[in-house]
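# Structural description and commentary
Each chain, written out:
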Amino acid sequence: MSTEPKSAGCLGVAMKRKEDPRFIQGKGHYVDDISMPGMLFLSLVRSPYPHAEIKSIDISEAMQVPGVKAVITGKDLEAAGLGWLPTFHGLDKQMVLAIGKVLFQYQEVAAVFAETRAAAVDGAEAVQVDYAPLPVVADPFTAKTDEVILRPDRENKTNHIYHWEVGDKDKTATALANSPKRIKERIWFQRCHPAPLEPCGCVAHFDSMGRLQFYVTSQAPHVYRTALAIVTGIPEDKIHVVSPDLGGGFGNKVPVYPGYVCAIVGALKIGRPVKWIETRTENLTSTGFARDYHMDVEIGATADGRLTALHVATTADHGAFDAAADPTKYPAGMFGVVTGSYDFPVAHAEVDAYFTNKAPGGIAYRCSFRVTEASYAIERAMDILADELAIDPVELRRKNFVRKEQFPYPSVLGFTYDSGDYQKTLDVTLEKIGYQALLKEQVEKRARGELMGIGFSTFTEVVGAGPSKHFDILGIKMFDSAEIRIHPTGSGIVRTGTKSQGQGHETTWAQIVGEELGLDPQNIMVEEGDTDTAPYGLGTYASRSTPVAGAAIAMAARRVREKARKVAAHMLEVGEADVEWKDYKFQVKGVPAKSVTMKEVAFAAYTNMAQNEPGLEASYYYDPPNMTFPSGAYVAVVDIDRETGEVKVRRFLAVDDCGTIINPLVVEGQIHGGLTEGFAIAFMQEIQYDKEGNNLNTNFTDYLIPTSLETPAWETGKTVTPSPHHPIGAKGVGESPNVGSPAAFVNAVIDALSPLGVRHIDMPITRDKVWRAIRQAEVLTT
Amino acid sequence: MKVNVTVNGVAYEREVEARTLLAYFLREECGLTGTHVGCDTSSCGCCVVVLDSDKAVKSCSMFAAQADGHQVLTVEGLANGGTLHPLQQAFWDQHGLQCGYCTPGMLLTSIILLKHNPNPSESDIREGLAGNLCRCTGYQNIVKAVQQAAGTLGVQV
Ligand code: FES
Ligand code: FES
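Quick caveat: nothing in here was measured; it's all calculated off a predicted structure.

## Side note on the overall build of chain A
Within chain A one finds 19 helices and 32 strands. Projected onto the principal axes, the alpha-carbon positions of chain A cover approximately 90 × 75 × 50 Å. When burial is assessed residue by residue, chain A has 67% of its 782 residues classed as buried. Across chain A, contacts joining residues at least 24 apart in sequence account for 81% of those joining residues at least 6 apart. Approximately 25700 Å² of chain A is accessible, and the part contributed by carbon and sulfur atoms is 53%. Separation of charge centres in chain A, based on 79 positive and 98 negative side chains, amounts to 3 Å.

## Brief notes about the domain arrangement of chain B
Residues and elements named next belong to chain B. For chain B, the domain assignment lists domain 1 (2-76) and domain 2 (86-153). Spacing between the C-alpha centres of domain 1 and domain 2 amounts to 21 Å. Contact with domain 1, which involves 19 residues of that partner, is made by 15 residues of domain 2. Interface area lost by domain 1 to domain 2 is led by His36, Val48 and Val75, which between them contribute 32%. Inspection of the region where domain 1 meets domain 2 yields 1 salt bridge. As a salt-bridge pair, lysine 115 and aspartate 54 come within 3.7 Å of each other at their nearest N and O atoms. Where domain 1 packs against domain 2, one counts 7 residue pairs in polar contact (both at pLDDT 80 or more). Elements supplying a minimum of two residues to the side of domain 1 that touches domain 2: strand 3 (48-51) and strand 4 (55-58).

## Observations concerning the interface of chain B and chain A
Taken together, the contacts link 47 residues of chain B with 54 residues of chain A. At the surface where chain B touches chain A, the tally comes to 6 salt bridges. Put simply, glutamate 677 of chain A and arginine 135 of chain B hold a salt bridge, and the shortest N to O gap is 3.6 Å. On inspection of chain B and its partner chain A, the count reaches 25 residue pairs in polar contact (both at pLDDT 80 or more). When contributions to the side of chain B that touches chain A are tallied by element, the ones reaching two or more residues are helix 1 (22-29), helix 2 (86-93), helix 3 (103-116), helix 4 (122-128) and helix 5 (140-150) of chain B. Within the side of chain B that touches chain A, the residues separate by chemical class into 21 nonpolar, 16 polar and 10 charged.

## As for helix 5 of chain B
For helix 5 of chain B, the buried fraction is high: 8 of the 11 residues fall into the buried class. Those residues of helix 5 of chain B that fall on the buried side of the exposure criterion are Gln140, Asn141, Ile142, Val143, Ala145, Val146, Gln147 and Ala150 of chain B. As for helix 5 of chain B, its buried residues are in contact with helix 17 (664-683) of chain A together with helix 2, helix 3 and helix 4 of chain B. Of the residues one or two after helix 5 of chain B, glycine 151 of chain B is the one with positive phi, at around 75 degrees.

## Notes on the confidence of the model for chain B
Counting all residues, the mean pLDDT for chain B is 96, and 98% of those residues have values of 70 or more. For this predicted complex, the interface score ipTM comes out at 0.97, while the overall pTM is 0.97.

## Here we look at the domain arrangement of chain A
Residues and elements named next belong to chain A. Domains assigned within chain A are domain 1 (20-28 + 480-622), domain 2 (34-134 + 198-247 + 253-286) and domain 3 (289-465 + 626-781). Taking only C-alpha atoms, the centre of domain 1 and the centre of domain 3 are 38 Å apart. Residue-level contacts link 20 residues of domain 1 with 21 residues of domain 3. Across the interface of domain 1 and domain 3, roughly 1400 Å² is buried in total on both sides, 63% from carbon and sulfur atoms.

## A few points about the environment of isoleucine 161 of chain A
For isoleucine 161 of chain A, the location among the structural elements is in strand 9 (residues 160-167). If near-sequence neighbours (up to four positions away) are discounted, isoleucine 161 of chain A is found in contact with Arg154, His318, Asp322, Ala353, Tyr354 and Phe355 of chain A.

## Overview of the sheet that holds strand 13 (residues 239-242) of chain A
Residues and elements named next belong to chain A. If you trace the 7 strands from one edge of the open sheet to the other, you get 3-7-1-14-11-12-13, paired in mixed fashion. Among the strands making up the open sheet, the edge pair consists of strand 3 (68-73) and strand 13. Geometrically, the sheet is characterised by an average inter-axis angle of 20 degrees between neighbouring strands, direction not taken into account. The pairing of strand 11 (residues 201-206) with strand 12 (residues 212-216) spans 5 bridges and is classified as antiparallel. The residue of strand 12 that forms the bridge with alanine 204 is phenylalanine 214. Of the strands in this sheet, strand 12 and strand 13 are in contact with helix 7 (residues 221-232), which crosses strand 13 at around 150 degrees. Helix 8 (residues 258-270) rests against strand 1 (40-46), strand 3, strand 7 (108-114), strand 11, strand 12 and strand 14 (274-277) of the sheet, and its axis sits at about 25 degrees to strand 11.

About the thresholds
Residues numbered from 1 in each chain as written. Chains lettered and ligands numbered in written order. Predicted model: local features only at pLDDT ≥ 70, side-chain atom pairs only at ≥ 80, totals over all residues. Heavy atoms only, no water. Helix = DSSP H or I, 4+ residues; strand = E, 2+ residues; numbered from the N terminus. Buried < 20%, exposed > 50% of the residue type's maximum accessible area, 1.4 Å probe, protein only. Contact = heavy atoms within 4.5 Å. Areas by Shrake-Rupley, 256 points an atom, 1.4 Å probe, with all protein chains shown as cover. Lys, Arg positive; Asp, Glu negative; His and termini not counted. Charge placed at Lys NZ, Arg CZ, Asp CG, Glu CD. Domains from an automatic or database assignment. Buried area = accessible area lost by both parts, 1.4 Å probe. Salt bridge = Lys/Arg side-chain N within 4 Å of Asp/Glu carboxyl O. Polar contact = N/O pair within 3.5 Å; in protein donor to acceptor, adjacent residues only side chain to side chain. Nonpolar A, V, L, I, M, F, W, Y, C, P; charged D, E, K, R; others polar. pLDDT = per-residue confidence, 0-100. Pairing = 2+ DSSP bridges. Axes fitted to C-alpha atoms, helices over the stretch in contact; angles between N-to-C directions.

If you want it as C-alpha cells, here you go:
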C-alpha cells in the first residue's frame, strides 16, 4: 500500500491557465475560424429607419450580383412559420426579419446568401427596400403617452410592457413621509453594450444524416438547442449545438439572434453550410444592449443618519422587443437587491418597462440581471444622502450595514443574503487606501481650490441563479450540471453545461476536481459547449458558473469518491465503514499507514473492482438552495482639472469578498477586467440615440472602449466569507467589479465637485459634462 | 489578381480579388486563423501582424495586394518548434489573457514595441499598446507580461 505524503490541495492555488497555450499560439478555435466545403456567407440587409412601413422589397437586382445564391425576407419566413422568435424572457417575441414594418434602426430586413463574404455584402447592398417613415418614439417617457403604438401585433395596444414591484408600498410611503430627512434623485443608468471583441456569429450545416450541426457564439448552448427545437420544429435530437472558443461574451452571447435563424434557414433551403459573422457595427446596433434604466430613488433617514425607508421607481427602455434575458418570474431581474448592503426597515421597488424604437435587449452585461443598476442606484443615493446629512459617506454606510450576526439576512425585498462581513471588508479598504491621510490631503487641496474626490461603493451582489422554485428561462429551471469520468490511469475529464468565454473554466473546474479527488488538475481535462457530450446546463452568464456548475462539479466529484470508497475498501481489505478520506487519499480509520491514492483506486476500478460496479464516473445536476451574495468595498480617488474638466483616476482599490477562492490568479484577472468595464461605463461607454431614433455609437470610433492608456492601474484586496450553502463555499466574482465600481467612480467625481454644489451627473462622466458642471457652478457663485 | 506573400517564412501565391484585405488573405487563403478581426474601423488591433520584421500593422487596413512581395509574421510564426517566444511565455505566466481574442495582436504589437524600445517603462508600454483593445484583462497583466519579456518586471525603469 502506498504511503505517499499528502498531496497539496488545489483550491486557492494560483495555477497558470491550462487553456492558454493554444491561445498564445493562435490556435484558439473561434466560430469564424470554421470553414466547410461549399460554405456560403450570409449578409443581412438592415433598416436605415428607426420606424417605417415596408412598402416593398425588390430582390431582383441582388439576385443578379455574381455569387448571390438566394435572398429571403420576412414574408418568406412568415410563410414557413418562422417569422417570429420567442425572446428568452418569454413575455414577448421578436421578428426574425422585418414583417410589415421596421421598429429600430439597423433592424434585420432581408438575408442574402452568397459564395463569398464580399459577394454577400454586395448582394445586400443591391436589395431595394421602399420604406415609408413613421413617427419615432425614442425614449420611454414619450412611449408612456401611447400616442404612437409601436407594437400593434400585441394584444394590448400600449407601449407599456409590464409593471413589476416588490416590497410594501404603503408602509414605505408612510415611513418616507415621516422621515426627518429625505433625498430624491433621478439616476439614469445609460444604455451601453458589452461589445466582446469577437462579434457574434455562427455556421449552420445539415449533415448527411439531416442533422443540424450548429456552431455558434453561445454562452448557453443547451438553451439554444431547446429554443431552436421549439422555434424550427426540428426534433431536439437532430440538433447539435457547439459553442467553440468564445472571444468574450459578457452577456452579449446569451440571446438567440435573427442572423442565427437566417443561417439555419439558408442552410436548409440551399443545402449548403452557411456562415454568418456580424460586423462590429451590426454587433453594436442590433445585438443585446444593457441597462437604460431611469431610476427615481428616494431614501428617508433620521437626522443622525439611520435609514428609515427606500423607494425606487424605474422607467425602463426595452427597445423594440422585450428581449431582456431575465428569468420568467423576474422581468426586472434581481433588481430587488436594491437595498444593497443596508438594513432598511422597509422598502418598495417598482419597474415599468416600455417599448421604444431602439434596438432590443436588456441583457445582463457582466451583471446578474439588473444588479448593476440596483447597486449603482443605492450606492449613488447613499452618497447623496450623506451630503444632505453632512456626514461622512463611510460613516453613513457603516452605521447602516447589515451586521455580521444578522446573516442569513432576510432583506425586506425578499432575498436571504447568505453570508458577509461588510464591516471587515470596509475596514480592509480604509486601511489599505489610507483614508485618513487622503481626507487630510483633500482638506488641504480644497483650501487651494483644487478638486480632489474620494468615492466609495460598498455593494452586495446576488448571483448564482438559481433555485428551481424561483428561476427558469423559457420554463427550464436554472440548475447546472457536471459529469466526471476518471480514467484507469488516474486522469480524467469533466464536462459541464456552462461555457467559458475567458473565465478560465478549463483550469478552475480541474482544480475543483483535483481538490475533491486528490488528483492532479493538470490531468483533468475540461470540456464545455458541446451539447452532444456535455450534460444539460443553463450556461455561463450572471456569475452563475462557479455558484451553480462549480457546485455541481464538487458534488459529482463527491459521488465519484463514494464509488471509489467501495473499491478502496476492497483494496484495503476492510469494510467500507472503516475507510476514511483524509489528506487527499483513502485510509483505514486510525491507521494512516494503510492507505490508497485515488490514482490507485482508479486503476482498480477498471482492473480489480471485485463485486463493485466497474468504472469510475458520476454526474450531478445541482439545484442551488439559494443565491450567493458576494460583496465588496471599493474606493476611487480622483483629481479633476478645473480648467479642462478632465478626470484623472489616481487610485482605485477593490476589496472583494467572493467566498472561497479557487484560483487567485483567475479571480484577480476577473476583477481587473470587470473594473475596466466599470470604468468604461462610468466615463466612456454609451449607446446614444438622437430624437429621431438614430444610433450615434455604431462602431469603436464612436462607442469608446478604454485602451491601456486611460485604464487606471488596479489595486485589489480580499476578505473571505464562504457561502454556507455552497459545497466549497465559493460565491462567484466575474461581475462584482463591474457591478460595484461605477458608483465608486461617480461618487469620487461628485465628491470632488461637491464644494461647487454639484450633486449628481449622469454617466458616462465625460470631460465636457464635468467642464460644464464646473462652469455652471462658477456662474452661480459669481 | 495574383498576390505573393511570404508568411512565417512560407511563400503563399494566391489569386484574389483586388479588394481582399490582408487579414482575410491570412485567415482564408493561408488558413492562418490566429489573426483575428474585431472591428470595421481599424480600432481594435486584433488583426495586428508584423510586416518585414519591422512594423506592426493592422492587417484589416491593408490590402493583400499591398503585401505582395513582403514578409509577414503572424502569431503562428512566433514559437520556435516546441519553445514559446518569450512574450508568449510571459503572457501565460502573467495571466495576460482571458478569452484570447486580442492576444495575437497584443503579442505582435509587443514584439515591435520591444524591438524599438527594449527597455520600456510602464507608460511606454501602455502607450505602445494603445492601438490594441482588450475587453477582458484590464491591461494590467498584459503590461506586466511585456515587462517580464523585457526583463524589467519589478525593476524600476
Ligand atoms: S480588425 Fe480591428 S483593427 Fe483590424
Ligand atoms: S483577452 Fe479577451 S479581449 Fe483580451
